[in-house]
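What follows is the residue order along each chain.
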Amino acid sequence: MIDSCLMNTYNRFPSILDHGKGSLVWDIEGKVYLDFAAGIAVNVLGHSHPKLVSSLKKQAERMIHCSNLYWTEPQMKLARILSENTIGGKVFFVNSGTEANETAIKLARKFGRKISPNKFKILSAVNSFHGRTLGSLSATAQPKYQEAFTPLVDGFEYFQFNDVDSIKPKISEQVCAIMIEPIQGESGIIPATKEFLIEVRKLCDEHNILLIFDEVQCGMGRTGKLFAYQNYGVIPDVLTIAKGLGGGVPIGAVIANEKADVFEPSDHGSTFGGNPLACSAGITVMEEILKEGFLQRVQKLGDLLKNELEKMKRKFPTVIKEIRGIGLMIGMELNQLSAKEFAATCFEEGLLVVPAGNNTIRFLPPLTIKQKQIKEAMKIVQKVLEKFGGTKS
Ligand SMILES: *Cc1c(COP(=O)(O)O)cnc(C)c1O
């Protein structure tokens, strides 16, 4: 039944998904899966959330798209919600994470250019992930993503994540920005330490460098705060968002404080970015996440998930190396087992999880997941661990 006229860019799981409801999805044969992938941290309200469906229907009937040559209410409203609930400042809308970062890169270059023609360098972390278009790819310091596509964009240099001493020698008048994921996602759910982010913020202030936080994966309520940086109390100059923002509808955004808000007409643009349909989705998602008790619930469920996985680690100490993460963004690093194989077996057993670098399994369920469903998922994880012959203590 799989009729692939598609480019060979993914190792897909062997079934055809058809529909979803809440934290469950069904394939065309009627098999049901618990969704702890959530479109890789996208379906924050789960599948077919009634409020999201109804706001999309309503907006589709009024106007789906309109050029950025005109003002629209959904775009103005979403920008205000994002600005007021993050770093203040101004918003630019895009359609994906990589575009959000491309925008931040251009913003940083222009910021630097206004100070000196040589202030163009951007520093990012080894094992970071910022996207796959050439600018973002140049910031994504991982040979496996970059190798086939060189030469990359000039002016990127890399430091070791969580090691401020690896940044200091790279600081000069030429650096315009430092780009960081507060919690690295693709490389295996690796949180920054608080000291590290505080030190980087200081360096940026001392040398007139913009601090860009890429919260494409760790933002949108995932950690139990609206944005991950709010767990650290370190405030960036530029914040990039995408994945969860539209709850499944493609939309991303860049938020820049007054210092970083340097674009003028014709510097940047996007045909689709911030169109009324996508923004109506973003408004609904933000309104739901900001409802009283929503984020506290994410924290509680995150603690439950992490505790259950820690228990699993005690049961299977030879197989599980480490449990990491905050809120509903949890990674389980495996010891000898391949994360890909582990995820494939979970899939067979009816659980969707995402493998990541560092031989890690990512748990990124909808933020609306039920406690009962976390327990069910843990039963499947236990079954899979037993299958792989993990020694139970
Ligand atoms: C997924 C991701 C991106 C890229 O987003 P796309 O929408 O796939 O372009 C960028 N940064 C981080 C941290 C991500 O997790």
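Caption draft 1: Highlighting the overall build of the protein chain. Within the protein chain, the regular secondary structure consists of 11 helices and 17 strands. Viewed in the frame of its principal axes, the protein chain has a C-alpha envelope of about 60 × 55 × 45 Å. Across the 393 residues that make up the protein chain, the buried fraction comes to 54%. In the protein chain, the share of contacts with a sequence separation of at least 24, taken over all contacts with a separation of at least 6, comes to 71%.

Caption draft 2: Spatial organisation of the domain arrangement of the protein chain. Domain annotation for the protein chain reports domain 1 (17-49 + 293-387) and domain 2 (50-289). Domain 1 and domain 2 are separated by 26 Å when their C-alpha centres are compared. Approximately 2500 Å² of surface area, both sides summed, lies buried where domain 1 meets domain 2, with 64% of it carried by carbon and sulfur atoms. Considering only the side of domain 1, the residues that lose the most area to domain 2 are His49, Ile326 and Met329, jointly responsible for 29% of the buried surface there. At the surface where domain 1 touches domain 2, the tally comes to one salt bridge. As a salt-bridge pair, glutamate 186 and arginine 362 come within 2.8 Å of each other at their nearest N and O atoms. Here domain 1 is connected to domain 2 by 12 residue pairs in polar contact (both at pLDDT 80 or more).

Caption draft 3: Geometry of the nonpolar core. Counting residues in hydrophobic clusters, the biggest one holds 93 residues, and the most contacted among them are Phe36, Ile178, Ile180, Phe196, Met332, Phe342 and Phe363. It is helix α9 (residues 294-315) that provides the largest number of residues to this core, a total of eight residues. Counting residues domain by domain, this core receives three or more from each of domain 1 (17-49 + 293-387) and domain 2 (50-289). Non-local contacts of phenylalanine 36, meaning those with residues more than four positions away in its chain, are made with Leu305, Leu351, Leu352, Val353, Arg362, Phe363, Leu364, Pro365, Ile369, Gln373, Ile374 and Ala377.

Caption draft 4: Layout of the sheet that holds strand β2 (residues 24-27). Strand order in the open sheet made by the four strands is β1-β2-β3-β15, with mixed pairing throughout. In this open sheet, the two strands that pair with only one neighbour each are β1 (17-21) and β15 (351-352). When strand β3 (residues 32-35) meets β15, the two strands line up parallel, connected through two bridges. Bridge pairing in β15 places leucine 34 opposite leucine 351.

Caption draft 5: Quick peek at the sheet that holds strand β6 (residues 156-159). Pairing is mixed in the open sheet, where seven strands are placed in the order β4-β12-β11-β10-β7-β5-β6. For this open sheet the edge positions go to β4 (90-94) and β6, each flanked by a neighbour on one side alone. Taking the axes of each pair of neighbouring strands and ignoring which way they run, one obtains an average angle of 20° across the sheet. Here strand β11 (residues 238-241) runs beside strand β12 (residues 252-256); their pairing, made up of four bridges, is antiparallel.

Caption draft 6: Geometry of the environment of aspartate 267. Following the sequence through the fold, aspartate 267 ends up in the loop between β12 and α8 (276-289). Residue classification places aspartate 267 among the partly exposed positions, given a relative accessible area of 24%. It is 9.0 Å that separates the C-alpha atoms of aspartate 267 and lysine 110, two residues lying 157 residues apart in sequence. Dropping the residues within four chain positions of it, aspartate 267 is found in contact with Lys106, Lys110 and Val262. For aspartate 267, the side chain forms a polar contact with the main-chain nitrogen of glutamate 264, separated by 2.8 Å.

Caption draft 7: The arrangement of the layout of surface pockets in detail. Size it by volume and the second largest pocket reaches roughly 980 Å³. Elements that contribute at least two residues to the lining of the second largest pocket include exactly α3 (73-85), β4, α4 (97-115) and β12. With five residues, the single largest contributor to the lining of the second largest pocket is α3.

Caption draft 8: Highlighting the site of the ligand. Near the ligand you find Ser96, Gly97, Thr98, Asn101, Phe129, His130, Gly131, Glu181, Asp214, Val216, Gln217 and Lys243, and these make up its full shell. A distance of 2.8 Å separates an oxygen atom of the ligand from a polar backbone atom of glycine 97. Here an oxygen atom of the ligand and a side-chain polar atom of glutamine 217 are 2.7 Å apart. Surface burial for the ligand is 81%, taken as the share of its 380 Å² of free accessible area covered by protein chains.

Caption draft 9: Broad picture of unusual backbone geometry. In this structure, the amide linkage connecting threonine 150 to the following residue, proline 151, adopts the cis form with an omega of 0°. Take proline 151: it is sitting in the loop between α6 (143-146) and β6. A positive phi is found at isoleucine 40, a non-glycine position, where the angle reads about 60°. Topologically, isoleucine 40 is positioned in helix α1 (residues 38-41). Here methionine 220, not a glycine, exhibits a phi torsion of approximately 55°, which is positive. Counting through the fold element by element, methionine 220 comes out in the loop between β10 (210-214) and β11. Overall, methionine 220 belongs to the buried group, its relative accessible area being 2%.

Caption draft 10: Broad picture of the pattern of salt bridges. Counting across every chain of the model gives 18 salt bridges. Glutamate 322 is the salt-bridge partner of arginine 324, the closest N and O atoms lying 2.8 Å from each other. By relative accessible area, glutamate 322 is classed as partly exposed at 37%. Salt bridges here are not isolated pairs; linked through shared partners, they connect Lys321, Glu322, Arg324 and Glu333.

Calculation criteria
- Residues numbered from 1 in each chain as written.
- Predicted model: local features only at pLDDT ≥ 70, side-chain atom pairs only at ≥ 80, totals over all residues.
- Heavy atoms only, no water.
- Helix = DSSP H or I, 4+ residues; strand = E, 2+ residues; numbered from the N terminus.
- Buried < 20%, exposed > 50% of the residue type's maximum accessible area, 1.4 Å probe, protein only.
- Contact = heavy atoms within 4.5 Å.
- Domains from an automatic or database assignment.
- Buried area = accessible area lost by both parts, 1.4 Å probe.
- Salt bridge = Lys/Arg side-chain N within 4 Å of Asp/Glu carboxyl O.
- Polar contact = N/O pair within 3.5 Å; in protein donor to acceptor, adjacent residues only side chain to side chain.
- Core = buried A, V, L, I, M, F, W, Y, C linked by side-chain atoms within 4.5 Å.
- Pairing = 2+ DSSP bridges.
- Axes fitted to C-alpha atoms, helices over the stretch in contact; angles between N-to-C directions.
- 1 Å grid on protein atoms, 1.4 Å probe; cavity = no way out; pocket = protein on both sides within 12 Å on 5 of 7 lines; lining within 4 Å.
- Points joined across faces, edges and corners; volume = space filled by probe spheres on them.
- Near = heavy atom within 4 Å.
- Areas by Shrake-Rupley, 256 points an atom, 1.4 Å probe, with all protein chains shown as cover.

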